[in-house]
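Reading the structure
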Amino acid sequence: MKLQRKNRLRASALGALVVSGALVLTACGSDDNTKTGGGAVKPATAAGDIACEGAKGKLLASGSSAQKNAIDLWVKNYMAACSGVEVNYKSVSSGEGIVAFNQGTVGFAGTDSPLKPAEVEESRKICSGGQGVNLPMVGGPIALGFNVSGVDKLTLDAPTVANIFNDKIKKWDDEAIKRLNPGVSLPSTPIQAFHRSEDSGTTENLSKYLKAAGGDAWPYEASKKWPAQGGLGASNSSGLATQVKQVDGSIGYFELSYASAQNIRTVDLNTGAATPVKATGENASKAIAAAKISGTGSDLALKLDYATKAEGAYPLVLVTYEVVCDKGNKPETLPTVKSFLNYTASDAGQKILLDNGYAPIPAEINAKVREVVAALS
């Protein structure tokens, strides 16, 4: 009890320093999204009551670049509260994160798409007596960022987005785009569509949206690997955002905070609701709130409705899962895994998401996440 009280006091004192300091991103990875001013990622807030008991040493993790900015904020608060503990998250891709997890080189992995059955089976080799499970931790909109000279506002629907990324619509003044944007002066600039070059959960979520809402315009099955012809590839969410920022006539897809950090304009989606829907954390939350748990037991994978027409619901969303062993975690890292994930799933941890353009996991589901984390062994 004395140790617990001491840790709470340490968390309170150091949390105040976090509030007063500027945002410093501490997790490893190539997607540095730091920005001063201009409405990008907001400074970290006090972490609240972080329970550090048992946490020690270095915890390695890797995976989704879409959640990197959220992880950075969580890591900063957590390491301020828990002295002597280092959490090192490598921002790569969902596919690479799962590979690292199933090779036993990380304590947890981040993925924007739940484990496939074959990946679960592979995880049994690492999770002694157990298996890898999906814990939804970060929600948010996948923004369609665009850079078209002279165009400040753009509305698209799913079939048109599908035809753009499938190389069927080649210029910005195409009739299909004009019909969705009356009164907007669209140039005849060639469209340059950028996609992820590596296996990506963000790609898979985009494909699920286009398949569900785009109809025959998107003939591909959802996959982490980019399926269409044409366009150019770029590595990681930051690479895509950089290309869109630099290339006139471009469009790409990435988690919203990458658009905010570089002042990239984003597409409003015509979903069939009364008005087009903007890419915001709040609007993504409205879509994610309708998600249902499709996993069983400790696995909390979600089924999302990518074709929703609910007013104000932004359907092009992702949920990033932290993948952990339900049983058979390494004894040297298990206490830190449980301590860190208990914080990220806490009310304080989830509040950080909405403050920075992400979407918190619905409270009912998040309560189940905390139960699973407490039972990890």
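Residues numbered from 1 in each chain as written. Predicted model: local features only at pLDDT ≥ 70, side-chain atom pairs only at ≥ 80, totals over all residues. Heavy atoms only, no water.

Regarding the pattern of salt bridges
Any two side chains of opposite charge can pair, on the condition that their charged atoms come close. Selection criterion: When a carboxyl oxygen of Asp or Glu lies within 4 Å of a side-chain nitrogen of Lys or Arg, that pair is called a salt bridge. Classification of residues uses two cut-offs on accessible area relative to the type maximum, computed with a 1.4 Å probe and protein chains only: under 20% is buried, over 50% is exposed, and between them is partly exposed. Helix and strand definitions here come from DSSP, where helices need a minimum of 4 consecutive H or I residues and strands a minimum of 2 consecutive E residues; each element is numbered from the N-terminal end.
Evaluation of the coordinates by the stated rule reveals 14 salt bridges. The partner of E122 in a salt bridge is K125, and the shortest N-O contact between them spans 3.4 Å. Overall, the relative accessible area of 34% leaves E122 in the partly exposed class. When the shortest N-O distance is used, the salt bridge between K211 and E221 registers 3.6 Å. You can see K211 sitting in helix α7 (residues 201-214) and its partner E221 sitting in the loop between α7 and β7 (232-234), a full 10 residues away along the chain. K211 gets classed as partly exposed once you look at its relative accessible area, which sits at 35%. Taken together, the shared-partner salt bridges in this structure form one network comprising K116, E204 and K224.

Focus: the pairing of strand β1 (residues 57-63)
Note the following rule: Each pair of strands is called paired provided DSSP finds at least two bridges between the two strands. A crossover gets the label right-handed when its path from the first strand over the helix to the second runs clockwise, viewed with the strands pointing away from the viewer.
With 7 bridges joining them, β1 and strand β2 (residues 85-91) adopt parallel strand pairing. Bridge pairing in β2 links L60 to N88. Tracing the backbone out of β1, into helix α2 (residues 68-81) and back to the parallel element β2 gives a crossover that is right-handed. With 3 bridges connecting them, β1 and strand β3 (residues 108-111) associate as parallel partners. Residue pairing for β3: G63 is matched across the bridge by G110.

What about the state of the cysteines?
Heads up, the rule is: Here, a disulfide means two cysteine sulfur atoms that sit within 2.5 Å of each other.
Enumeration over the complete set of coordinates arrives at 2 disulfides. Between the sulfur of C52 and that of C82 lies a disulfide, 2.0 Å long from S to S. Its S-S torsion of about -80° marks the bond between C52 and C82 as left-handed, since a negative value means left-handed. With C52 in the loop between α1 (2-20) and β1 and C82 in the loop between α2 and β2, the pair connects residues that are 30 residues apart, well separated along the chain. Exposure class is identical for C52 and C82. Each is buried. Disulfide partner of C127: C325, at an S-S distance of 2.0 Å. What sets the handedness of the C127 and C325 disulfide is the S-S torsion sign, and at about -70° it is left-handed.

Digging into the confidence of the model for the protein chain
Short version of the rule: Every residue carries a pLDDT, the predictor's confidence in it, which falls somewhere between 0 and 100. We call two residues in contact whenever any of their non-hydrogen atoms come within 4.5 Å of each other.
Scored by pLDDT, the protein chain comes out at a mean of 88, with 87% of its residues at no less than 70. Scored below 50 in pLDDT, residues 1-47 shows 89 contacts in the model against residues more than four places distant or in partner chains.

What to know about the side chain of Q350
Summarising the element assignment, Q350 is placed in helix α12 (residues 347-355). Given the relative accessible area of 5%, Q350 is considered buried. Discounting residues that sit within four places of it in the chain, Q350 has contacts with W74, M137, T344, A345, P360, I361 and N366.

Considering the environment of A109
By secondary structure assignment, the location of A109 is in strand β3. We classify A109 as buried; its relative accessible area is 0%. Separated by 14 residues in sequence, A109 and G95 have C-alpha atoms that sit 9.6 Å apart. Not counting residues within four places of it along the chain, the set of residues in contact with A109 comprises S62, G97, I98, F101, Y321, E322 and V323.

Some thoughts on helix α13 (residues 363-375)
Our working definition: Multiply 1.5 Å by the residue count of a helix minus one, and that product is the helix's expected span. In this context, the arc is that of the directions from the helix axis out to the C-beta atoms.
Compared with an ideal rise of 1.5 Å per residue, which puts 13 residues at 18 Å, α13 spans 19 Å between its outermost C-alpha atoms and is within 8% of the ideal. For α13, the set of buried residues is I365, N366, V369, V372 and V373. Buried residues of α13, viewed axially, fall in a sector of 115°; they line one side. Away from the buried face of α13 by more than 90 degrees, exposed residues A363, E364, E371, A374 and A375 are located. Close packing links the buried residues of α13 with β4 (132-147), β11 (292-293), β12 (302-303), α11 (334-344) and α12.

Focus: the side chain of T160
Structurally, T160 can be placed in helix α5 (residues 158-165). Look at T160 and you get buried, because its relative accessible area is 5%. In this structure T160 touches I169, A176, I177 and L180, once residues within four positions along its chain are discounted.

Observations regarding the nonpolar core
Applicable threshold: We define the nonpolar core as a collection of buried residues of types Ala, Val, Leu, Ile, Met, Phe, Trp, Tyr and Cys that are connected through side-chain atoms lying within 4.5 Å of one another.
In this structure, L144, L154, I164, F165, I177 and I251 are the most contacted members of the largest nonpolar core, which totals 63 residues. Per-element accounting of this core gives the leading share, 5 residues, to α5. Apart from the residues lying within four places of it in its own chain, the contact partners of I164 are L156, I169, W172, I177, I191, A193 and I251. With 36 residues, the next largest nonpolar core counts I50, F108, L341 and V373 among its residues.

Regarding helix α10 (residues 281-288)
Of the residues making up α10, those classed as buried are G281, N283, A284, A287 and I288. Take α10 and look down its axis: the buried residues cluster within an arc of 160°, on one side only.

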